[in-house]
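Descriptive analysis of the structure
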Amino acid sequence: MSSASARAKSDDALRTEGLTKRFGSIVAVGDLSLAVLPGEVFGFLGPNGAGKSTTIRLLLGLIRPTAGTVTIFGHPADDVRIAHRHLAYVPADVALWPTMTGAEILELSANIGPEIDAEYRAELVQRFALDLDQKGKTYSSGNRQKVAIVAAFATRAPLLVLDEPTSGLDPLMEREFRRCVIEARERGQTVFLSSHQLAEVEALCDRVAILRNGRLVEIDSIAELRRLRRTFIEVTYRDAEPQLTGVPNVSNLERLDGKRLRFNVSGSPALALRALAAVDITAIAMHEPTLEEIFLDYYGKTS
């Protein structure tokens, strides 16, 4: 390997190469290769059972891969002592020390993890309306999430690994979480966000990866993923119906009441628009798919 190539790999915030994890005959993660760049917000999507949680456990060095490698800023993920100096983690289901107060938990986390910004932590406590005098065993699931979010975002860890971080949060707190991610990006921190909240991912992420049955289905920017998928078009015409049957890139042609047609276009819409221009069109509506529509389309759940 050339020195330039080695530098490129070590400069990645997070990198997996051929990452595989088997549990007996079950392949939980198969040949996963991806690179997350410093300073980007990277979305990691997939339904339950897709292999997201297993991948995150591999990233954190909690389990060892069957094959392949994981590195955090060039350091092997299974060298936890070194790798964890560079990251902070918010799990999907936070467990706290039951007899410690929120203040004590945050202080302990600060002492054993990456360097923190105490002033910013105090600001986050206020923004998340977190009562630090309660003991861990008295916190609701949403308040346990708040403790973990405050602890992670108060650090200056260059990588934040977030696994369903807004589970249990109300909409106001979800908005605060989004602000935290934006602020982390502005500070140059990297965010690896695994979430079922597709609107959240769409609003925050620079790129997304979609995992299915432990294997990477797609990885690209949200804008590019939209271009790869179909555009939805609905038209209303006055007299003659536009002739769209057999037009390249047109699919799912549907006739509606009131001289209306609905169809999808994959790729360039030029030929479809030419067919529409040949008749008297009185109204046309087009929209790109949302990330949710793209995501569901990978699983054959959209029409």
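Structure's up top.
Okay, so let's go over this structure. (Residues numbered from 1 in each chain as written. Predicted model: local features only at pLDDT ≥ 70, side-chain atom pairs only at ≥ 80, totals over all residues. Heavy atoms only, no water.)

Details of helix α6 (residues 141-153)
The test is simple: Where helices and strands are cited, they refer to DSSP runs of H or I of at least four residues and of E of at least two residues respectively, numbered from the N terminus. Under the convention used throughout, the expected extent of a helix is 1.5 Å for every residue step, that is, one less than its residue count. Type-normalised accessible area, obtained with a 1.4 Å probe on protein chains alone, sets the label of each residue: buried when under 20%, exposed when over 50%, and partly exposed for intermediate values. Contacts are assigned to residue pairs that have any heavy atoms within 4.5 Å of one another.
Look at α6: 18 Å from first C-alpha to last across 13 residues, which is about the 18 Å you get at 1.5 Å a residue. Burial analysis of α6 places 11 of its 13 residues in the buried class, the great majority of the element. Of the residues making up α6, those classed as buried are Gly142, Asn143, Gln145, Lys146, Val147, Ala148, Ile149, Val150, Ala151, Ala152 and Phe153. Where α6 is buried, its residues contact β6 (87-90), α4 (102-112), α5 (118-127), β7 (159-163) and α7 (171-186).

Some thoughts on the pattern of salt bridges
The condition is simple: By definition, a salt bridge exists where a carboxyl oxygen of Asp or Glu is found within 4 Å of a side-chain nitrogen of Lys or Arg.
With the rule as written, the count across this model stands at 17 salt bridges. With a closest N to O distance of 2.7 Å, Glu123 and Arg127 form a salt bridge. Separated by 4 residues within a single helix, Glu123 and Arg127 lie in helix α5, roughly one turn from each other. The buried category is assigned to Arg127, whose relative accessible area is 12%. Three or more residues are tied together by salt bridges with common partners; here these are Glu123, Arg127, Glu176, Arg179 and Glu183.

Regarding the side chain of Thr190
Threshold: Nitrogen and oxygen atoms within 3.5 Å of one another constitute a polar contact, given that in protein one can donate a hydrogen and the other can accept it, and given that sequence-neighbouring residues count only through two side-chain atoms.
Within the secondary structure, Thr190 sits in strand β8 (residues 190-194). One polar contact links the side chain of Thr190 to the main-chain amide nitrogen of Gly39, over a distance of 2.8 Å. Excluding residues that lie within four positions of it along the chain, Thr190 makes contacts with Ala13, Val36, Leu37, Pro38, Gly39, Glu40, Phe73, Pro158, Leu159 and Leu160.

So, the side chain of Glu200
Selection rule: His is not counted, nor are the chain ends; Lys and Arg add positive charge and Asp and Glu add negative charge.
Checked against the element boundaries, Glu200 lands in helix α8 (residues 198-204). For the buried residue Glu200, which engages in no salt bridge, the nearest side chain bearing the opposite charge is Arg178, 4.6 Å off. Dropping the residues within four chain positions of it, Glu200 is found in contact with Thr166, Phe177, Arg178, Leu193 and Ser195.

Re the packing of aromatic side chains
Note the following rule: Here the aromatic set is Phe, Tyr and Trp, taking the six-membered ring for Trp, and pairing holds for ring centres within 6.5 Å; pairs whose planes are under 30 degrees apart are stacked, those over 60 apart are edge-to-face, and all others are tilted.
Applying the stated criterion across every chain yields a total of 3 aromatic pairs. Geometrically, the ring pair formed by Phe42 and Phe192 is stacked, given 5.8 Å between the ring centres and 10° between the ring planes. Placement of Phe42 in strand β3 (residues 41-45) and of Phe192 in strand β8 is noted, with a sequence separation of 150 residues between them. Owing to a relative accessible area of 0%, Phe42 belongs among the buried residues under this scheme. Here Phe153 and Phe177 contribute two aromatic rings whose centre-to-centre distance is 5.9 Å and whose plane-to-plane angle is 85°, an arrangement assigned as edge-to-face. You can see Phe153 sitting in helix α6 and its partner Phe177 sitting in helix α7, a full 24 residues away along the chain. Take Phe153: its relative accessible area is 0%, and that puts it in the buried class. For Phe177, a relative accessible area of 0% puts it in the buried group.

Some remarks on the sheet that holds strand β11 (residues 230-237)
Pairing between the strands of a sheet comes from backbone hydrogen bonds, and it takes one of two forms, parallel or antiparallel. Selection rule: For two strands to be treated as a pair, DSSP must find at least two bridges joining them. The angle between two axes is taken between their N-to-C directions and runs from 0 to 180 degrees, where each axis is a line fitted to C-alpha atoms and a helix contributes only its stretch in contact.
Spatially, 4 strands are ordered β12-β13-β11-β14 in an open sheet, and the strand pairing comes out antiparallel. With partners counted over all chains shown, the strands left at the sheet margins are β12 (250-256) and β14 (281-287), one partner each. Pairs of neighbouring strands in the sheet enclose a mean axial angle of 15°, with direction left out of account. Across 5 bridges, the pairing between β12 and strand β13 (residues 260-266) is antiparallel. Looking across to β13, one finds that Glu254 is bridged to Arg262.

That's the geometry; what it means functionally is another story.
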